[in-house]
Amino acid sequence: MTYRTVKLLADAAAPEDLFHGQWQGRPSVLDEFKPYLDDRWNQGCTNAWKVWEELVPLGYTGSYQRVRAYFRTKRLSADPLPASPPSPRTVAGWILRHPDPLTEVEQLRLKAVLAHCPKLDALTGHVRSFAQILTERQGHRLPEWLDAVRRDDLPGLHTLAAGIDRDRDAVIAGLTLPWNSGVVEGHVNRIKMFKRQMFGRAGFQLLRKRVLLA
């Protein structure tokens, strides 16, 4: 051992004093499951082996020792050990995705986030309601959805609602009828690709010929 290592060990008053440097705060395979562990702990289940058996079907690939160490830390701590909060991008992904594919851990974490923010909870309800209108072509429900949005203090959605109101009939038709402009948009995207490939060095005649020959 080097002198620095020996001095570090000699000066440490507790094992926790050795946890520093590059190992401090590194992500663990247990991180995303900590909300589930906290929830089970609060329910009174303090058996690490039992909870580890519950985590494995949920996708946990770590060892039982990690779960036991986490529970031991909670036992020794006077205050509960909070799990790191999810990032805004992660929460947005949970809200925008269909609820069914979300894992049990993701559903629990989203539920905990929404419980601490009533506005985000209301936003989630509106987003999922609109997604159902969009995917199931329930355009007749759009006026009801707009009224529900305006009743909540969500300025971002109020802006969206105002934009929809300016062309309400067309939006309702788009959410009801089976036709769409997807084919036209596909051709426009293809023409843009041809134009980008030429780096602006050729004129309209070459672009026209490339589109026709393709």
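Chemist: Could you clarify how one ought to interpret the overall build of the protein chain in this entry?
Modeler: Regarding its fold elements, the protein chain presents 12 helices and zero strands. Overall, the protein chain shows an N-to-C arrangement of helices and strands of α-α-α-α-α-α-α-α-α-α-α-α. Relative to the 2.2 N^0.38 estimate, which gives 17 Å for 214 residues, the radius of gyration of the protein chain is 27 Å and therefore markedly larger than a compact globule would have. For the protein chain, the spread of C-alpha atoms along the principal axes amounts to about 80 × 50 × 35 Å. Within the span of the protein chain, comprising 214 residues, buried residues form 22% of the whole. Within the protein chain, residue pairs in contact and separated by at least 24 positions form 47% of the contacts whose partners lie at least 6 positions apart.

Chemist: Just checking my understanding: could you explain a nonpolar patch on the surface for this structure?
Modeler: On the surface, Met1, Val6 and Leu9 cluster together into a nonpolar patch covering about 350 Å² of accessible area. Among the secondary structure elements, Val6 is positioned in helix H1 (residues 3-11).

Chemist: Looking at this model, I keep getting lost on the packing of aromatic side chains. Mind explaining?
Modeler: Geometry of an aromatic ring pair is reported as the spacing of the ring centres plus the angle between the planes. The full count for this structure, using the stated rule, is six aromatic pairs. With centroids separated by 4.9 Å and ring planes inclined at 45°, the aromatic side chains of Trp49 and Trp52 adopt a geometry described as tilted. Here the residue Trp49 and the residue Trp52 both occupy positions in helix H3 (residues 48-55), the gap between them amounting to three residues, near one helical turn.

Chemist: In this structure, what is going on with the nonpolar core? I would like to understand it.
Modeler: A general tendency of soluble globular proteins is for nonpolar side chains to be buried together. Counting 14 residues, the largest nonpolar core has Leu30, Leu37, Val51, Leu55 and Val67 as the members making the most contacts within it. Put simply, the parts of the chain that give this core at least two residues each are helix H2 (34-42), H3 and helix H4 (64-76). It is H4 that contributes the most residues to this core, four residues altogether. Those residues in contact with Leu55, other than ones at most four positions away along the chain, are Leu30, Phe33, Tyr36, Leu37, Tyr60 and Val67. Counting 10 residues, the second-largest nonpolar core is a separate cluster that includes Val149, Leu154, Leu157 and Ile164.

Parameters and conventions
- Residues numbered from 1 in each chain as written.
- Predicted model: local features only at pLDDT ≥ 70, side-chain atom pairs only at ≥ 80, totals over all residues.
- Heavy atoms only, no water.
- Helix = DSSP H or I, 4+ residues; strand = E, 2+ residues; numbered from the N terminus.
- Rg over C-alpha atoms; globule rule 2.2 N^0.38 Å.
- Buried < 20%, exposed > 50% of the residue type's maximum accessible area, 1.4 Å probe, protein only.
- Contact = heavy atoms within 4.5 Å.
- Patch = residues over 30% accessible without salt bridge, like charges linked within 9 Å, V, L, I, M, F, W, Y side chains within 5 Å.
- Areas by Shrake-Rupley, 256 points an atom, 1.4 Å probe, with all protein chains shown as cover.
- Salt bridge = Lys/Arg side-chain N within 4 Å of Asp/Glu carboxyl O.
- Phe/Tyr/Trp six-rings, centres within 6.5 Å; stacked < 30°, edge-to-face > 60°.
- Core = buried A, V, L, I, M, F, W, Y, C linked by side-chain atoms within 4.5 Å.

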